[in-house]
Amino acid sequence: MFIKAKWIHALFHLHAKLSSLWGGELFLLRLRPTLQCQLHCPFCYTQNEKLEGSLLNKSEWEQLIEKLPRKTVVDITGGEPLVAPEIKNLILSLLKHEKKVSLMTNGLNLDDELIKILVTQQLYSLLVSLDGPAHIHNDLRGDKTFEKVIERLDHLEKIKKISKSSWPKLTLKINLLPNNFTILADFISDLEKRYPEVQINLNLLFDNGARGGRRLASSWAEERFKSGNTQRFAFSPQELESVLKLDSHLKKKGKSHFWRPYFEGSKEHLQIKKYLEHPASFVPRSCFLPFNSLTLYGNGDISPCDLSLKIGNVREYNYDLRKVFKDAHYQSLLKDFYQTNIQEKACQGCCLAPHRLKLRS
């Protein structure tokens, strides 16, 4: 599954590079229907954000979905997307229009009705956050949240089995934290016994004000696009070695895991160590994703790729996102983005762009 994940990312980047030759074409749409969440995780960078203005209603969502290019891949995230109004109708409509859809969630609102929709209508990918066994997860996310999520995932697997369906593919996202890295090998082993087909995403935290899920800026001139990844870790040298041993252990066991952000080159374990020592020393490879990727917020606001810059509102484009790439305003924004190398700082920490160690000047 890790090889498949790498091929999917390669496909995104190849399509983006080709799209850049003819001015852009929508391929990847990230939906943030809400920035709200019922939890208050200490490492979350969207927890104090909220959408302004009126939310898109059911009719507006339908118009938008009808006009999406046939092969658009849709990634639904948040905040916590499952607390958004009309979220079930939105997911169902996307799936009935045969879109390849992924959903990222904390898992608490995966009720029986929604699980039936995800299985029978074949959601492509379900990514659920777990930060460790019960005592760690509950300490971060609230009492009994771990037990509630596991119960929901067990029900999902039960419905998949009854329906003789392999969809959705389940990925469990685990943030690497100072209080969980020593037990992750056993925790991942337990998860894979419980969910044999699961894929594990080991996530390295980042903090970059230019990334999506924040209040949208009106110009590249704002300081957030110059600050880069300001994340700091406090791992001791001995703890860093333990993290590397974890990666080595998982690879030797043939575990289906991958790290985000992901790094160029064959010595991934050394890149992980250097990232934990100094996150800002890594910059994204030259990337063309703004030529085929947009983020749409629940109030209709649009941003390039998953950057916190407002292009406009989908209502201004008559709910047709294809028009964004033909808009002179957007073309001018992209020109400035690449000519002034905004990407180097603004895209640090991106989960889709391969990162490399910045060469010292």
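It should be emphasised that the depicted structure is a prediction, and the values quoted were computed from it without experimental measurement.

Colleague: Even after reading the chapter, I still don't get the overall build of the protein chain, so can you show me in this structure?
Modeller: Looking only at helices and strands, the protein chain has 12 helices and 12 strands in total. Long-range pairs, those at least 24 residues apart, make up 73% of the contacts in the protein chain between residues at least 6 apart in sequence. If you sum the accessible surface of the protein chain, you get close to 16800 Å²; carbon and sulfur atoms cover 52% of it.

Colleague: Quick question: what am I supposed to make of the nonpolar core here?
Modeller: Nonpolar side chains in soluble globular proteins tend to end up buried together. In this structure, Leu172, Leu176, Leu294 and Leu321 are the most contacted members of the largest nonpolar core, which totals 90 residues. In terms of residues, this core owes the most to one element, helix α6 (residues 145–163), which gives 6 residues. Look past the residues within four positions of leucine 172 in its chain and what remains in contact with it is Val128, Leu130, Leu153, Leu191, Tyr195, Val198, Gln199, Ile200 and Asn201. Core analysis: the next-biggest nonpolar cluster, separate from the first, contains 9 residues, Leu289, Cys350, Leu352 and Ala353 among them.

Colleague: Before we go on, may I ask you to explain empty space enclosed by the protein in this structure?
Modeller: It is a probe the size of a water molecule, rolled over the atoms, that shows where empty space is left. Counting across every chain of the model gives 2 cavities of 30 Å³ or more. Looking at the largest cavity, its volume works out to about 70 Å³. Along its surface, the largest cavity is lined by Arg211, Cys287, Leu289, Pro290, Cys305, Leu307, Phe337, Tyr338, Gln343, Cys347, Cys350 and Ala353. In this structure, the second largest cavity spans a volume of roughly 40 Å³. Taken together, Lys58, Trp61, Glu62, Ile65, Glu86, Asn89, Leu90 and Ser93 form the lining of the second largest cavity. Contributions of two or more residues to the lining of the second largest cavity are made by α2 (58–66) and α3 (87–96). Counting residues per element, the lining of the second largest cavity draws most heavily on α2, which supplies 4 residues. Here the residues of the lining of the second largest cavity sort into 3 nonpolar, 2 polar and 3 charged.

Colleague: What am I meant to see in the pairing of strand β1 (residues 28–32) here?
Modeller: The side chains of a regular strand alternate between the sheet's two faces. The element β1 is extensively covered by neighbouring structure, given that 5 of its 5 residues are classed as buried. Neither face of β1 is open: one carries Leu28, Arg30 and Arg32, the other Leu29 and Leu31, and all of them are buried. One ladder, built from 4 bridges, connects β1 with strand β2 (residues 73–76); its direction is parallel. Looking at the pairing, leucine 31 lines up with isoleucine 76 of β2. Viewed along the sheet, the connection from β1 through α2 into β2 turns out right-handed. Sheet analysis places β1 next to strand β9 (residues 293–297), joined by 5 bridges and oriented parallel. When the sheet's bridge partners are listed, leucine 28 is paired in β9 with serine 293.

Colleague: Sorry, what's going on with the sheet that holds strand β10 (residues 301–304) here?
Modeller: Strand pairing in a sheet relies on backbone hydrogen bonds, with the paired strands running either antiparallel or parallel. Taken in spatial order, the 10 strands of this open sheet run β7-β6-β5-β4-β3-β2-β1-β9-β10-β11, and their pairing is mixed. Strand pairing shows two members of the sheet lacking a second neighbour, β7 (257–260) and β11 (312–313), which therefore form its edges. Bridge analysis of β2 against strand β3 (residues 100–105) gives 4 bridges, and the strand direction is parallel. From the neighbouring strand, aspartate 75 faces β3, where its bridge partner is serine 102.

Colleague: How should I be thinking about the packing of helix α4 (residues 112–120) against α6 in this particular structure?
Modeller: In a packed pair of helices, the relevant descriptors are the angle between the two axes and the axis-to-axis distance. At a minimum axis distance of 10 Å, the contact between α4 and α6 shows a crossing angle of 45 degrees. In terms of their interaxial angle, α4 and α6 are classed as oblique. Between α4 and α6 lies a crossing of right-handed hand. Where α4 abuts α6, its residues Asp112, Ile115 and Val119 lie against Arg152, His155, Leu156, Ile159, Lys160 and Ser163. Tallied by class, residues from the contact of α4 with α6 come to 4 nonpolar, 2 polar and 3 charged.

Colleague: Can you help me understand the state of the cysteines in this one?
Modeller: By the definition in use, this model includes 0 disulfides. The cysteine cysteine 305 is free of any disulfide, with cysteine 350 supplying the nearest cysteine sulfur at 5.5 Å. Relative accessible area serves as the criterion here: at 7%, cysteine 305 is assigned to the buried category. Left without a disulfide partner, cysteine 347 is nearest to the cysteine sulfur of cysteine 350, which lies 6.1 Å away.

Colleague: How should the environment of glutamate 147 be read in this particular structure?
Modeller: Within the secondary structure, glutamate 147 is located in helix α6. Along the chain, glutamate 147 and phenylalanine 27 lie 120 residues apart, while their C-alpha atoms are 37 Å from each other. Setting aside its immediate chain neighbours within four residues, glutamate 147 contacts Ala134 and Asn138.

Colleague: Sorry if this is basic, but what is going on with the pattern of salt bridges here?
Modeller: Any two side chains of opposite charge can pair, so long as their charged atoms come close to each other. As enumerated under the stated definition, the model contains 18 salt bridges in all. The partner of glutamate 151 in a salt bridge is arginine 152, and the shortest N-O contact between them spans 2.8 Å. Looking at glutamate 151, the relative accessible area reads 42%, which means it is partly exposed. When its relative accessible area of 11% is taken as the criterion, arginine 152 is described as buried. Across the pair arginine 215 and glutamate 222 runs a salt bridge, and its minimum N-O distance is 3.6 Å. Residue arginine 215 is classed as partly exposed on the basis of its relative accessible area, which comes to 47%.

Definitions and limits used
- Residues numbered from 1 in each chain as written.
- Predicted model: local features only at pLDDT ≥ 70, side-chain atom pairs only at ≥ 80, totals over all residues.
- Heavy atoms only, no water.
- Helix = DSSP H or I, 4+ residues; strand = E, 2+ residues; numbered from the N terminus.
- Contact = heavy atoms within 4.5 Å.
- Areas by Shrake-Rupley, 256 points an atom, 1.4 Å probe, with all protein chains shown as cover.
- Core = buried A, V, L, I, M, F, W, Y, C linked by side-chain atoms within 4.5 Å.
- Buried < 20%, exposed > 50% of the residue type's maximum accessible area, 1.4 Å probe, protein only.
- 1 Å grid on protein atoms, 1.4 Å probe; cavity = no way out; pocket = protein on both sides within 12 Å on 5 of 7 lines; lining within 4 Å.
- Points joined across faces, edges and corners; volume = space filled by probe spheres on them.
- Nonpolar A, V, L, I, M, F, W, Y, C, P; charged D, E, K, R; others polar.
- Pairing = 2+ DSSP bridges.
- Right-handed = clockwise from strand over helix to strand, strands pointing away.
- Axes fitted to C-alpha atoms, helices over the stretch in contact; angles between N-to-C directions.
- Parallel < 35°, antiparallel > 145°, perpendicular 65-115°, else oblique.
- Left-handed = near helix turned anticlockwise from the far one by under 90°.
- Disulfide = S-S within 2.5 Å.
- Salt bridge = Lys/Arg side-chain N within 4 Å of Asp/Glu carboxyl O.

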